[in-house]
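Here's the letter readout for the chains.
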Amino acid sequence: MGEKSRKPLLVLYASQTGNALDAAERVGREAERRGCPVTLSSMDEFDANSLSLENTVIFVVPTTGQGDAPDAMKVFWKYLLQKNLSKSWLQGVHYAVFGLGDSGYQKFNYVAKKLDRRLHDLGASAIVERGLGDDQHPSGYEGALDPWMTSLWRVLYQINPTFFPHGPDYIPPTSQLLDQPKYQIVYHELGLLQAGLSVTDSKSPAMEIERARSMSPAKLSYDKSTPDAFLKMVRNEPLTRKGCGRDVRHFEFEFFPSTISYDVGDVLEVLPSQNPDLVDAFIQRCNLDPEAFITVCPKQRGSHLLDGSKSGQALPINLKKYVELAMDVTSASPRRYFFEVMSYFATAEHEKERLEYFVSPEGRDDLYQYNQKERRTVLEVLEDFPSVQMPFEWLVELVPPLRKRAFSIASSPSAHPKQVHLTVSVVSWTTPFKRKRMGLCSSWLASLDPLQGVTIPSWFHKGSLPAPPPSIPLILIGPGTGCAPFRGFLEERVVQDTTSSAAPIMFFFGCRNEGNDFLYRDLWLSHSHDGGLLSEARGGGFYVAFSRDQPQKVYVQHKMREQSQKIWAALSEGGAAIYVAGSSTNMPSDVMLAVEEIISKEGGVAREAAAVLIRRLERDGKYHVEAWS
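Residues numbered from 1 in each chain as written. Predicted model: local features only at pLDDT ≥ 70, side-chain atom pairs only at ≥ 80, totals over all residues. Heavy atoms only, no water.

Draft legend 1. Layout of empty space enclosed by the protein. All chains considered together, the criterion is met by 2 cavities of 30 Å³ or more. Split into classes, the residues belonging to the lining of the second largest cavity amount to 4 nonpolar, 1 polar and 2 charged. (1 Å grid on protein atoms, 1.4 Å probe; cavity = no way out; pocket = protein on both sides within 12 Å on 5 of 7 lines; lining within 4 Å. Points joined across faces, edges and corners; volume = space filled by probe spheres on them. Nonpolar A, V, L, I, M, F, W, Y, C, P; charged D, E, K, R; others polar.)

Right under this line is the structure:
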């Protein structure tokens, strides 16, 4: 069968942070290297109605939050759930699903499992058993991806040998393996540039951010490049005792323009600033001209990245500014393909051999230990291989994008007009080789002095915690920085209570020690007495679990069980809503288990029936979870 008559293998992905895109591109590269034509597409750019017309489809999907589908998949998934689709709609379509998840979460790879079941229900035939990548694996998701792809190629070859003309295990000579970069860099003459652009337009921070991030190869179609507002810090207050081993800060910001509005429970995204010295070091290491003006343009060939938004006439941007705003060279670790491309540009034989070993199946675990476990940055990796000189086109494509960081808003707009507050844990850790690491955004925010007047690009959007009506009693569970959105909930309800009586709040908070990290202690206590919204006299309550102030650890779920009768009364008689926020590791599932036990015990029903009732609460919008790792 000729090349033109073969229908390409379709690889559909939905990426939230970039990992699924990386995995999908790897699947596509490996298929193409075996001689199979490939079409790669994001689910939000694919017409779900035409899925039944495809022959063979590979799906690569992550699970986000508490078993949620990524944003790019939601419209596609909604289409698949239509009741009018027959059980034979996808008959004749062969498919395979690879999921990306973390087994530390309760709903591990939930989206991949749901998708697999739904495709089967619609009549599609699975090529191989679904693959489930796990961040907990010593090699990350690639620990499952490599063997899954090997099985996939072999079964595909059995189904249709024309997919791989030279067989499923064929790999072309090394000299033919390197692809061409998908993007090109156009350099502009400064004189011509100044003639065509006003100084105001070219230097506007909002325009620079929009220009840099809209050119980025990693830009997602649903991602907004232009900031909603700029923040100016007015308060930077430590909430934890100095020297206790944890650094949690309360930040207050004014925002401009002041016309921006938000609700309690919303999320604020912040674009962090990279260390300028390290950005300069990257530019120098790569022999780049920091004064150059560039545009990043997609090459005009068949590529999933060539959408209309990137092929128009983009305004040039200063090269250094592009690196600062769009390329994470100082905190993110590069992907495996970065090392593969590096190996082609290494001129020192020992460096070339080490890079080739890293990207081989035998070196996969060692690469994971060297790169991801140590969280080596792009700059550090390049400095470890000094003979490598990668063209800027490849760096633009392969360096991880500088991503916005999302935080639950910790304030009420009614209580703090024209301000937004955050509760941020300053992230720090030690790697296996005893290297001290700091979170890029949290450490940068903590270093800011309000008097500096630094402007911070920001975006407001809805999160997983919708603002509750004032008439609904609330059961809030927020240990640690999970209390952040509930500070806003309480402030909002206090304002509402001044005009008409608002429903009470039961709040379960947890921290390690009363003397070290009892966040917002005075606020909670002030509203738990004298008829406050957290007072038991009003039907509310404030309950704290100090996990390490006694020999046996006590957590929020233990405090909930102590108040089981009160929680059951609030649910069964008061119509209360449950909101959970905090660490995603074990807490959300432990809390749900406690709620299930309380319903079973106090309601006198079996555990299975209690679980059904919790699912009903979720469907009715009365059980919400916002968790983060």
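After that view of the structure, there is still more to cover.
Draft legend 2. Summary view of the UniProt feature "binding site: FAD" (unreviewed entry) in the protein chain. In the numbering used here, UniProt assigns the feature "binding site: FAD" (unreviewed entry) to R375, R405, A406, F407, S408, G439, L440, C441, S442 and W628. Taken together, the annotated residues stretch across 254 residues and extend over separate regions, lying up to 25.2 Å apart by C-alpha. Looking at the element boundaries, F407 is found in strand β13 (residues 405-408). Accessibility expressed as a relative area gives 14% for F407, which makes it buried. Not counting residues up to four positions away in its chain, the partners in contact with F407 are D266, V267, L268, V270, L422, V424, C441 and L445. For S442, the location among the structural elements is in helix α16 (residues 440-447). Judged by relative accessible area, which is 5%, S442 ranks as buried. Excluding its chain neighbours within four sequence positions, the residues that come into contact with S442 are V424, S425, V426 and V427. (UniProt positions renumbered as here; feature names shortened; annotations may be inferred. Helix = DSSP H or I, 4+ residues; strand = E, 2+ residues; numbered from the N terminus. Buried < 20%, exposed > 50% of the residue type's maximum accessible area, 1.4 Å probe, protein only. Contact = heavy atoms within 4.5 Å.)

Draft legend 3. Inspection of the pairing of strand β1 (residues 9-13) at higher detail. Within β1, 5 of the 5 residues are buried, which leaves it mostly tucked inside the rest of the structure. Residues L9, V11 and Y13 line one face of β1 and the alternating positions L10 and L12 line the opposite face, and both faces are buried. Two strands pair when backbone bridges link them, and β1 and strand β2 (residues 38-42) are joined in this way by 5 bridges, in the parallel orientation. Counterpart to L9 in the pairing with β2 is V38. Taken together, β1, helix α1 (residues 19-33) and β2 form a β-α-β motif whose crossover is right-handed. (Pairing = 2+ DSSP bridges. Right-handed = clockwise from strand over helix to strand, strands pointing away.)

Draft legend 4. Representation of the sheet that holds strand β7 (residues 183-188). Ordered by their spatial adjacency, 3 strands build an open sheet running β7-β11-β12, and the pairing between neighbours is antiparallel. Here the strands that pair on one side only, and so sit at the sheet edges, are β7 and β12 (317-318). Here 6 bridges tie β7 to strand β11 (residues 293-298), and the two strands are oriented antiparallel to one another. Note that in β11 the partner of Y187 across the bridge is I294.

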